[in-house]
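Coordinate inspection notes
This is what each chain is made of:
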Amino acid sequence: MDMDVKQAAHDFWVEFQTSKDGILAALQAALAAGGDSAAAVAQAKADLGVLSKRVTDATVFLPLYDQRQCAQHLKDAQDAVAKVQAPRAKFAFKSRKAAPPTPSVVAAQALPAVSVAGPSTATAAEHHASGSAPPDLRSLPPNAMAFTHLDSKHITSGAPSAATAAEHDVFISNVSNTIIDLRGTTTPIGAVHIQNVSNSVILFGPIRGSILVQQCTKSLIAVACRQCRVHESRDLVLHLFVPSHPIIEDCDGVRFAPYDPASGPRDWTARLQMAGLDPTRNQFDQVEDFNWLKQQASPHWRVMRPGESTAGAFPAVGESTDGRADAHVDLAVLSAVLQ
């Protein structure tokens, strides 16, 4: 691992611990002083939300162990705050009522409009709220967009409402045989986290932050971003526009290709500039393999050969690919490349 990356990870860990301890100390001091406990708890929750966002942004250089440590410490801090959030209820006899179901995604109401095609006619919100919750949902930052527990679906972005003008981070997890196409959205996207995805196609236009891919197999991902990091994944195709060196760790069979502007949003150059990306600088092929320190080329990744690129097989922006995604996501993108 590069020494600059190690130092950055160390510095972030020290800063994270200091910030987390400071938030809890401020809460304890406010409670001890007998002030407004509700306001103190609200401030602590807001501060932890900001800290969670900083962890999200730092995952591009944090080792997996540090990421897990930060997530656990955040959860412990959030649990500590939750314990003092509400006063003990007075005893009373009450009729039993079924508890409302707990949604699997935080801030689902903030999601921009999407359309869903496939064997189910359920709405996008129902897809987000179905299934068991991933373990780290309580660590999601405010305004998070999350797509979880999807199988054999086709999701495309729709026109965002005024309420979605703020920047959103995107979380995609536990997805298989599915197409998620967010190239058409004009909602600003910050960081993107993709975990446990298989046999799927995930398409973005330019985003303002970084992308982290973990534990994914036999899938295609296209994105223009500031940084790209891939962990514990196999047999992926990545179409990238990225001004920094992509990083892989514990991966194999990863193929890289440039993001063809013809496959992106129609206002490609303007969208790149809005995301803070230099249209003339793409280092998609300058990959660093943290598990390969030899001078010879890493056997775990390669650049796609001329004529092998799958960009031409992308559906047009907003196109529903015949309005379906069957059990194998029957696109030329996968059938021709990910065998």
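For the structure itself, look to the data block above.
To keep things clear, this report deals only with the structure shown in the data block. The structure displayed is predicted, hence computed values, not measured ones. Every chain is numbered independently, its residues counted from 1 as its sequence is written. Where local features are concerned, this predicted model is filtered to residues with pLDDT of at least 70; where side-chain atom pairs are given and counted, the filter is 80 or more; whole-chain, interface and lining totals use all residues. Water and hydrogen atoms were dropped before computing side-chain values, which therefore reflect all heavy atoms in the structure.

**Comments concerning the overall build of the protein chain**
Selection rule: In DSSP terms, a helix is any run of H or I states spanning at least four residues, a strand is any run of E spanning at least two, and both are numbered starting from the N terminus. Exposure categories follow from relative accessible area, calculated using a 1.4 Å probe and restricted to protein chains: below 20% of the type maximum is buried, above 50% is exposed, and the middle band is partly exposed. Should any heavy atoms of two residues lie within 4.5 Å, those residues are counted as being in contact.
Helix and strand counts for the protein chain stand at six helices and 15 strands. Looking at the 339 residues of the protein chain, the share that counts as buried comes to 47%. Here the analysis covers contacts within the protein chain between residues at least 6 apart in sequence; of these, 57% occur between residues at least 24 apart.

**Here's the deal with the pattern of salt bridges**
The cut-off we apply is this: Salt bridge, as used here, is a side-chain nitrogen of Lys or Arg placed within 4 Å of a carboxyl oxygen of Asp or Glu.
A full pass over the atoms with the stated rule returns ten salt bridges. For R54, the salt bridge identified is with E15, shortest N-O distance 2.6 Å. Here E15 lies in helix α1 (residues 3-32) and R54 lies in helix α2 (residues 37-58), a separation of 39 residues in the sequence. We note a salt bridge from D169 to K53, for which the minimum N-O separation is 4.0 Å.

**Considerations on the packing of α2 against helix α3 (residues 64-83)**
Going by this rule: With axes taken as lines fitted to C-alpha atoms, and helix axes fitted only over the stretch in contact, angles between N-to-C directions fall between 0 and 180 degrees. Oblique is the label for every angle not falling under 35 degrees (roughly parallel), over 145 degrees (roughly antiparallel), or within 65 to 115 degrees (roughly perpendicular). Three categories are distinguished: nonpolar for Ala, Val, Leu, Ile, Met, Phe, Trp, Tyr, Cys and Pro, charged for Asp, Glu, Lys and Arg, and polar for the others, with Gly belonging to the last.
It is at 10 Å that the axes of α2 and α3 come closest, and there the two elements cross at 170°. One finds that α2 runs roughly antiparallel with respect to α3. From α2, V41, A44, K45, L48, L51, S52 and V55 reach across to α3, where they touch C70, L74, A77, Q78 and V81. Looking at the contact of α2 with α3 residue by residue, the class counts come to nine nonpolar, two polar and one charged.

**Description of the packing of aromatic side chains**
Applied cut-off: Ring geometry is summarised as follows: Phe, Tyr and Trp rings, the Trp one being its six-membered ring, pair when their centres sit within 6.5 Å, and such pairs are stacked at plane angles under 30 degrees, edge-to-face over 60 and tilted between the two.
Applying the stated criterion across every chain, the model contains five aromatic pairs. A centroid spacing of 6.4 Å and a plane angle of 25° characterise the contact between F12 and F16, whose relative ring orientation is stacked. Residue F12 and its partner F16 are both found in helix α1; the two are separated by four residues, about one turn of the helix. With a relative accessible area of 9%, F12 lands in the buried category. You can call F16 buried: its relative accessible area is 1%. Here F256 and W301 contribute two aromatic rings whose centre-to-centre distance is 5.8 Å and whose plane-to-plane angle is 85°, an arrangement assigned as edge-to-face. With a gap of 45 residues between them, F256 in strand β13 (residues 252-258) and W301 in strand β15 (residues 301-303) connect regions that are remote in the sequence. When sorted by exposure, F256 lands in the same class as W301, which is buried.

**Let's talk about α3**
Condition: Expected span of a helix: the number of residues minus one, times 1.5 Å. The arc in question is the one traced by the directions running from the helix axis out to the C-beta atoms.
In a regular helix each residue adds 1.5 Å, so 20 residues correspond to 28 Å; α3 covers 29 Å between its end C-alpha atoms and thus fits that length. All of the buried residues in α3 are L64, D66, Q67, C70, L74, A77, Q78 and V81. Buried residues along α3 cover an arc of 160° about the axis, so they all sit on one side. Opposite the packed face of α3, turned more than 90 degrees from it, sit the exposed residues Y65 and K83.

**Overview of unusual backbone geometry**
Although it is not a glycine, N177 sits at a positive phi angle of roughly 50°. Along the chain, the position of N177 falls in the loop between β4 (168-176) and β5 (179-181). The backbone phi angle of Q215 is positive, close to 55°, even though this residue is not glycine. For Q215, the location among the structural elements is in the loop between β8 (210-214) and β9 (217-224). The class of Q215 is partly exposed, set by a relative accessible area of 33%.

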